[in-house]
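Secondary and tertiary structure notes
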Amino acid sequence: MGYDKVEIPPEGKSVTVLDEDADEFDVPETPIIPILYGDGIGTDVGPAAQSVLEAAAHATGRDVAWLRIYAGESAREKYDENLPADTVDAIREFRIGIKGPLTTPVGAGYRSLNVALRKRLDTYANVRPTYHLDGVPSPVSHPKKMDMVTFRENTEDVYAGIEWDHTDDDVERVREFIEDEMGYDDIIHDGPVGIGIKPITEFGTKRLVRKAIDYALERGRDTVTLVHKGNIMKFTEGQFRDWGYEVAEQEYGDEVITEDTLWEERDGDQPDNSVVVNDRIADNMLQQVLTRTENYDVLATMNLNGDYISDACGAQIGGLGIAPGANFGDALCLAEPVHGSAPKYAGQDKVNPTAMILSGVLLFEYMGWDDAASLARDAVEATIASKRVTYDLHRQIEGGEKLATSEFAAAVVENIETLS
């Protein structure tokens with residue numbers, strides 16, 4: 001394969017390749033982690049995050065072998081294509097990876113390079129933790145109340161990409177079928193129309209909800225909330241809710257109970273080490289994350305709702321510029337920040353690498369390196385709390401010290417050494 005040479009760890013440390021066909025993820029002594037810096041500001045935040053994560057690993061007695069992979073602009077330069085097979089194969093082989101933002105060029109043949117990569121890897125759960133770091137300016141009075149993790153379905157709903165432009169010849173065929181064959185002949189207004197199809201399957205729903213419940217049980221979270229608009233879209237979003245409850249009621253025994261059971265049979269007394277599954281209408285949930293923030297732990301949503309709600313949550317803790325994320329499949333994790341590629345700032349050593357660093361924290365947690373993950377997160381928080389920040393936060397903080405991207409990463413590494 002055409003991967004770049006792996007950065008070999010110190011002498012005496014073995015590098016082990018993961019079993020590509022394994023059902024479970026087993027971390028070797030020195031894992032190989034594919035890293036894709038990405039486009040635009042990815043060339044700045046990628047190396048910065050890599051240096052911080054490597055320092056956290058070393059501080060906890062571990063080594064990492066990094067493997068450069070490519071997509072987007074860097075892949076066009078190296079492979080003359082946007083998403084080479086080598087990149088997808090590397091992540092599949094090693095079962096882990098971290099990437100920066102990608103820009104889909106005009107005429108690339110993809111709606112989105114990010115979406116294309118997720119689909120090829122079948123990373124069906126887009127996971128976005130939202131929590132506040134000390135020192136980050138927030139528009140709300142009590143940002144520490146925000147501590148939610150959104151599980152957003154990554155393959156269906158609007159990501160299915162089944163739609164027809166109003167100028168497409170096929171859109172009239174679809175319209176005729178809807179009106180003449182299905183009998184909805186008094187619904188669509190006359191004139192040009194765009195039509196899309198919103199698939200929500202039992203398979204896609206249940207594996208997403210299962211992932212969210214497993215996470216809640218493993219991480220000691222109290223609730224999983226199914227977010228939907230099932231009062232209107234009864235056979236898509238309403239079915240998402242029903243299938244989600246089926247998973248809770250049929251697969252987990254006493255570990256998981258529904259909200260109705262909690263109150264009707266237990267008078268609100270939640271058993272220790274259990275998870276309560278409930279559901280909320282999506283538009284109401286956008287209020288709840290603001291007005292009753294502390295009542296929610298893990299959210300399980302379809303694609304579009306998850307996008308809206310995780311962004312609304314992110315606004316409370318300082319914005320998407322510091323929001324981490326990761327895409328999970330079966331025994332596979334590809335971490336990536338929520339923010340975009342911001343090409344106008346590319347190569348200026350200016351932007352905030354926090355989101356990509358914290359995405360790496362998610363990756364370390366997935367690998368079972370909780371101590372390294374906590375150390376990296378705590379060091380980032382200590383750096384920001386000391387008012388040593390990049391320009392985006394500096395302009396909001398009185399008396400702070402403005403740092404370049406690389407300088408901020410170096411400051412975080414200093415705090416890793418201090419905290420360890």
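See above for the structure.
In this report, we go over the structure that sits alongside the text. All figures in this text were calculated on a predicted structure; none of them were measured in a lab.

1. Considering the overall build of the protein chain
Helix and strand counts for the protein chain stand at 14 helices and 15 strands. In summary, the protein chain has a C-alpha radius of gyration of 22 Å against a globular reference of 22 Å for 420 residues, a match within 12%. Expressed as lengths along the three principal axes of its C-alpha atoms, the size of the protein chain is roughly 70 × 60 × 50 Å. The 420 residues of the protein chain split such that 52% are buried. Considering only contacts in the protein chain between residues 6 or more positions apart, those separated by 24 or more positions represent 74%. Only carbon and sulfur atoms are counted for the fraction: they give 45% of the accessible area of the protein chain, which is about 19100 Å². Separation between the mean location of the 39 positive side-chain charges and that of the 78 negative ones in the protein chain comes to 4 Å.

2. Looking at the packing of helix 6 (residues 202-219) against helix 7 (residues 237-251)
Working note: a packed helix pair is described by the angle between its axes plus the distance between those axes. Direction vectors running N to C along helix 6 and helix 7 enclose 55 degrees, while the axes themselves pass 9 Å from each other. Taken together, the axes of helix 6 and helix 7 lie oblique to each other. Viewed along their axes, helix 6 and helix 7 form a crossing whose handedness is right-handed. Of the residues in helix 7, those in contact with E202, T205, K206, L208, V209, R210 and I213 of helix 6 are F240, W243, G244, E246, V247, A248 and E251. Within the contact of helix 6 with helix 7, the residues separate by chemical class into seven nonpolar, two polar and five charged.

3. Regarding the sheet that holds strand 9 (residues 256-258)
Where strands meet in a sheet, backbone hydrogen bonds hold them as pairs that are either parallel or antiparallel. Spatial strand order, 2-1-3-13-12-4-5-11-8-10-9: 11 strands in an open sheet with mixed pairing. A single partner strand is all that each edge strand has here, and the edge strands are strand 2 (65-68) and strand 9. Put simply, the sheet's adjacent strands are angled 25 degrees from each other on average, direction ignored. As defined by bridge partners, strand 1 (residues 32-36) adjoins strand 2 across four bridges and the pair is classed as parallel. When the sheet's bridge partners are listed, P34 is paired in strand 2 with L67.

4. Quick look at unusual backbone geometry
In this structure, D80 is a non-glycine residue whose phi angle is positive, near 65 degrees. For A342, which is not glycine, the phi torsion reads 40 degrees and is therefore positive. Within the secondary structure layout, A342 lies in the loop between strand 13 (332-335) and helix 11 (354-366). A342 sits in the partly exposed class, given a relative accessible area of 31%.

5. Here we look at helix 1 (residues 42-59)
For an α-helix, 3.6 residues make a turn, and residues three or four places apart therefore share a direction. Spanning 18 residues, helix 1 covers 25 Å between terminal C-alpha atoms, matching the ideal 26 Å at 1.5 Å per step. Those residues of helix 1 lying buried are G42, D44, V45, G46, A48, A49, Q50, V52, L53, A55, A56 and A57. Remark: G61 follows helix 1 within two positions and exhibits a positive phi of approximately 80 degrees.

6. Remarks on the pairing of strand 3 (residues 96-99)
Side chains of strand 3 alternate between two faces, with I96 and I98 and G97 and K99 buried alike. The pairing of strand 1 with strand 3 spans two bridges and is classified as parallel. Paired with I35 across the strands is I98, a residue of strand 3. Alignment of strand 3 against strand 13, held across three bridges, turns out to be parallel. Residue pairing across strands places G97 opposite L334, the latter belonging to strand 13.

7. Observations concerning the nonpolar core
Core analysis: the biggest nonpolar cluster contains 89 residues, and I33, I98, F151, I213, V224 and F364 have the highest contact counts within it. If one sorts the elements of this core by residue count, helix 1 sits on top with eight residues. In this view, I98 contacts I33, P34, I35, L36, L53, W66, L334, A335, M356, S359, G360 and L363; residues no more than four positions away in its chain are not counted. Among the nonpolar cores identified, the runner-up in size contains 18 residues, and L67, I91, F94 and L334 belong to it.

8. Here we look at helix 7
Taking 1.5 Å of rise per residue, 15 residues should cover 21 Å, and helix 7 covers 21 Å from first to last C-alpha, within 8% of that figure. Buried within helix 7 are the following residues: E237, G238, F240, W243, G244, Y245, V247 and A248. Buried-residue contacts for helix 7 involve helix 6, strand 8 (223-228), strand 9, strand 10 (275-281), strand 11 (298-301) and helix 10 (303-316). Directly beyond the C-terminal end of helix 7, a positive phi value near 60 degrees is found at G253.

Cut-off values and rules
Residues numbered from 1 in each chain as written. Predicted model: local features only at pLDDT ≥ 70, side-chain atom pairs only at ≥ 80, totals over all residues. Heavy atoms only, no water. Helix = DSSP H or I, 4+ residues; strand = E, 2+ residues; numbered from the N terminus. Rg over C-alpha atoms; globule rule 2.2 N^0.38 Å. Buried < 20%, exposed > 50% of the residue type's maximum accessible area, 1.4 Å probe, protein only. Contact = heavy atoms within 4.5 Å. Areas by Shrake-Rupley, 256 points an atom, 1.4 Å probe, with all protein chains shown as cover. Lys, Arg positive; Asp, Glu negative; His and termini not counted. Charge placed at Lys NZ, Arg CZ, Asp CG, Glu CD. Axes fitted to C-alpha atoms, helices over the stretch in contact; angles between N-to-C directions. Parallel < 35°, antiparallel > 145°, perpendicular 65-115°, else oblique. Left-handed = near helix turned anticlockwise from the far one by under 90°. Nonpolar A, V, L, I, M, F, W, Y, C, P; charged D, E, K, R; others polar. Pairing = 2+ DSSP bridges. Expected span 1.5 Å × (residues − 1). Core = buried A, V, L, I, M, F, W, Y, C linked by side-chain atoms within 4.5 Å.

The analysis is restricted to geometry; functional conclusions fall outside its scope.
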